[in-house]
Amino acid sequence: EHIMRTLILATAVALGATTAAQAALPDYPSPGSFNLADYSFTAVADGDVIAYFGGHTAGYTNWLRLEVNGVDTGLEGLNNQTSVLGQSFNFGAVNAGDTLVFKIRVANTGEYFYSKQSLNPDGLTHIYSANYAGGDWGIPAGVYVGFEDLYGGGDRDYDDLRFVFTNVGGGEVAVPEPATWAMLITGFGLIGMVARRRRMPASA
């Protein structure tokens, strides 16, 4: 009985250690549905932006690239067909507050898909992003970005390509709900009416 208890305890400790070492990368919470969010990223501090490869489910060959303040760095790395889990790629130095746009080059089709929705050829969001606490394959804490690499959104689970970036801040851009837009428009209209009435001369 003592030996059995020791074995059970040892197994539990081993499982706990495995779980702690493999804290799962974030998953898109609504697979199969379009991600309607848009995203904006900036550099947190002066220093390097480093990308870590977190896996892929893509059949196509993709390369990761980075634009800083609208200019492509000219660097690309982490080919999904040859990179190993946890492998890193340094995109070089940036300054705090620089605008960052991540993109993939799909070697099979020649298309590019961006972390910024408005830059995509189909006008759709091609990523899902969330904060990541670190742990998988030695990847440190950072910002997780998962891509779809097909025009039209593919299977919409946003895990064709999975990366974690360090020295990066930002994320989902808040988009007002339709009801909020209606309230804002109504409010602006009322302000305009009040301003017009104040400007009108008093009748004799």
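Just above sits the structure.
Residues numbered from 1 in each chain as written. Predicted model: local features only at pLDDT ≥ 70, side-chain atom pairs only at ≥ 80, totals over all residues. Heavy atoms only, no water.

Caption draft 1: Molecular detail of unusual backbone geometry. Here the phi dihedral of Leu78 falls at roughly 55°; this positive angle occurs in a residue that is not glycine. As for its placement among the helices and strands, Leu78 is situated in the loop between β4 (71–77) and β5 (88–94). Overall, Leu78 belongs to the buried group, its relative accessible area being 5%. Within the chain, Trp137 stands out as a residue other than glycine whose phi angle is a positive 50°. Take Trp137: it is sitting in the loop between β8 (127–132) and β9 (142–147). (Helix = DSSP H or I, 4+ residues; strand = E, 2+ residues; numbered from the N terminus. Buried < 20%, exposed > 50% of the residue type's maximum accessible area, 1.4 Å probe, protein only.)

Caption draft 2: Broad picture of the nonpolar core. Grouped together as the largest cluster of nonpolar side chains are 36 residues, with contacts concentrated most on Phe41, Leu64, Leu100, Phe102, Phe147, Phe163 and Phe165. If sequence neighbours within four positions are ignored, Phe163 has contacts with Tyr52, Phe53, Gly54, Leu64, Leu78, Ile104, Val143, Tyr144, Val145 and Phe147. (Core = buried A, V, L, I, M, F, W, Y, C linked by side-chain atoms within 4.5 Å. Contact = heavy atoms within 4.5 Å.)

Caption draft 3: View of the sheet that holds β9. A sheet is described by the order of its strands in space; here 5 strands give the open sequence β5-β2-β10-β9-β8, paired in antiparallel fashion. Edge positions in the sheet fall to β5 and β8, since each has one partner strand and no second. On average, each strand axis in the sheet is tilted by 25° relative to the strand beside it, whichever way the strands run. (Pairing = 2+ DSSP bridges. Axes fitted to C-alpha atoms, helices over the stretch in contact; angles between N-to-C directions.)

Caption draft 4: Up close: the pattern of salt bridges. As enumerated under the stated definition, the model contains 6 salt bridges in all. Here Asp72 ties to Arg65 by a salt bridge, and the two come within 3.0 Å at their closest N and O atoms. For Asp72, a relative accessible area of 27% translates into the label partly exposed. The class of Arg65 is buried, set by a relative accessible area of 13%. With its nearest N and O atoms 2.7 Å apart, the salt bridge here joins Lys103 to Asp72. Pair noted here: Lys103 is in strand β6 (residues 99–106) and Asp72 is in strand β4, with a separation of 31 residues, a long-range link. Taking the relative accessible area as the measure of exposure, Lys103 reaches 5% and is therefore buried. (Salt bridge = Lys/Arg side-chain N within 4 Å of Asp/Glu carboxyl O.)

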